[in-house]
Amino acid sequence: MFAGQRVLVAGAGVTGRSVVEALIGLGARVTVTDADPDRLAGLNPAATLAPSLTAPPQGTDLVVTSPGWKPSSQLLVAAARTGIEVIGDVELAWRVARRPTWLAVTGTNGKTTTVGMLAAILAAAGVDAVACGNVGLPVIDAVLAGHQVLAVELSSFQLHWQSSVRPAAAVVLNVAEDHLDWHGTVDAYAAAKGKIYDGAGTAVFNADDGWSTRLADGHPAPVGFTLDEPGEHRFGMVEGVLVDGAEPLVAVSDLPVPGLHNAANALAAAALARCHGVAVAAVRAGLTAFEPGDHRAVPVGEWDGVRYVNDSKATNPHAAVSSLGAYPSVVWLAGGLLKGASVDDLVAEAGPRLRGVVLLGAEADAFAAALARHAPQVPTHRVGPGDDEPMMAAVRAASGMARPGDVVLLAPAAASQDMFRDYAERGEAFAAAVRRLRGAG
């Protein structure tokens, strides 16, 4: 299909590099561009390197863009203007002739956890499956590796650039304000998420989330889940046990991750697996064996009756409110880049459980203003720009506020790139600061 085609790959990060290798292997004539010339180093010598292109080279048949490139990027606008098709890596993976079964997951929060749970269930069932997509392994690599089933995490960026992906079953976990700097409006963001249902064999939806329910409305094969008794929906929770109709799956207390938001993630994973024909016993075994990823509600340790928890992956307000809701009394470390989102609803909901708040990062003012409006009684400390080690200063301040029984929780509700390379580096800084402060290494 791609043999002899002249394809421009936009972006030479992890995804772009996989796309380049795949296209060359498929016989395409590949040109690669990136705004950072250093990122072009070490690419397959069969590719033509063209730093910082603002328009596709003459004769280009197709542009494959990396997920983070906005539609407003000069290069992509120029491609569209000249009638050159622009697709993403996920669309490319679908168009490759080999067709494993896709079980696809999107949502503002919980995607990686749900995909990990789904992969654990499929492994327990003995299925040749792999977690891929936004979770780390590029989808094109998973397809070319020949796996039978893909547990695919899809971001709104990836869904924006696809048009023909048809998963066997798909779920939108939830939708809340995020990436408005990319999509412009929450409606456009939700519409991108909803594309996961286009042509899906089954539309699994979260009956407790208005956006998920609306996006699945009208699909010919909907399957709902709820944290209440199932009622009209197939999956739900009865007296602390997750169920498929009348059949018990697993007790919430047996899940290896805390919080009702993770119970919802487990229901979504179970629904996708059951739609694929996986037995209840494998669902139970997979969910109890699931190991959460780094920086997702990971305990760092407990000292003097105070627990320290790293949830640096809570990179938006919707994720943070779920994280905070898992604990009754919290000293909250928050701040970073909000990407256009508001924290008012988050602060109003979390206020009663806050022992104190420590703010750091570029948009600390927005958090401070929301706290003044909705939780003025909560002690707040701001880490100043003069602190040489801001995370150490933040952990020290939080530790001083905490009392036995409290949780010191890093759930920033914002992106990390104002101070750190990514959320992982932020989480590592938090864990290191806790251990240094508490003398644990």
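Preceding block: the structure.
As a starting point, this report considers the structure included with it.

Criteria and cut-off values
- Residues numbered from 1 in each chain as written.
- Predicted model: local features only at pLDDT ≥ 70, side-chain atom pairs only at ≥ 80, totals over all residues.
- Heavy atoms only, no water.
- Helix = DSSP H or I, 4+ residues; strand = E, 2+ residues; numbered from the N terminus.
- Rg over C-alpha atoms; globule rule 2.2 N^0.38 Å.
- Buried < 20%, exposed > 50% of the residue type's maximum accessible area, 1.4 Å probe, protein only.
- Contact = heavy atoms within 4.5 Å.
- Areas by Shrake-Rupley, 256 points an atom, 1.4 Å probe, with all protein chains shown as cover.
- Lys, Arg positive; Asp, Glu negative; His and termini not counted.
- Charge placed at Lys NZ, Arg CZ, Asp CG, Glu CD.
- 1 Å grid on protein atoms, 1.4 Å probe; cavity = no way out; pocket = protein on both sides within 12 Å on 5 of 7 lines; lining within 4 Å.
- Points joined across faces, edges and corners; volume = space filled by probe spheres on them.
- Nonpolar A, V, L, I, M, F, W, Y, C, P; charged D, E, K, R; others polar.
- Pairing = 2+ DSSP bridges.
- Axes fitted to C-alpha atoms, helices over the stretch in contact; angles between N-to-C directions.

The number of helices and strands found in the protein chain is 16 helices and 20 strands. Whereas a compact globule of 441 residues would reach a radius of gyration of roughly 22 Å, the protein chain reaches 22 Å, a difference of no more than 12%. Along the three orthogonal principal directions, the C-alpha set of the protein chain runs to about 65 × 60 × 40 Å. Per-residue burial over the protein chain gives 54% buried out of 441 residues. Pairs at least 24 residues apart make up 64% of the contacts formed inside the protein chain by residues separated by at least 6 positions. When the accessible surface of the protein chain is summed, it comes to about 17,300 Å², and 50% of that surface belongs to carbon and sulfur atoms. Averaging the coordinates of the 32 positive side-chain charges in the protein chain and doing the same for the 44 negative ones gives two points 3 Å apart.

On to empty space enclosed by the protein, then. Summed over all chains, the structure comprises two cavities of 30 Å³ or more. Quantified by volume, the largest cavity comes out at close to 50 Å³. Lining the largest cavity are 13 residues, and of these Gly 335, Leu 360, Met 419, Phe 420 and Arg 426 lie nearest its centre. Along the lines of polarity and charge, the residues of the lining of the largest cavity split into eight nonpolar, three polar and two charged. Forming the walls of the second largest cavity are Ala 104, Leu 154, Leu 159, Gln 162, Val 165, Pro 167, Lys 195 and Ile 196. Grouping the constituent residues of the lining of the second largest cavity by class yields six nonpolar, one polar and one charged.

With that settled, the discussion passes to the sheet that holds strand β2 (residues 29-33). Here five strands make up an open sheet; going across it, the order is β3-β2-β1-β4-β5 and the pairing parallel. In this open sheet, the two strands that pair with only one neighbour each are β3 (48-49) and β5 (85-88). Across two bridges, β2 lies against β3 in parallel orientation. Paired with Thr 31 across the strands is Thr 48, a residue of β3. Its contacts with the sheet put helix α1 (residues 14-25) on β1 (6-10), β2 and β4 (62-65), and the angle it makes with β1 is roughly 165°. With respect to the sheet, helix α2 (residues 74-81) is in contact with β1, β2, β4 and β5, its orientation differing from that of β4 by roughly 150°.

Here we take up the layout of surface pockets. Looking at the second largest pocket, its volume works out to about 220 Å³. Elements supplying a minimum of two residues to the lining of the second largest pocket: α12 (317-324) and α13 (344-350). Grouping the amino acids of the lining of the second largest pocket by side-chain chemistry returns four nonpolar, two polar and three charged.

Keep in mind these values describe shape, not function.
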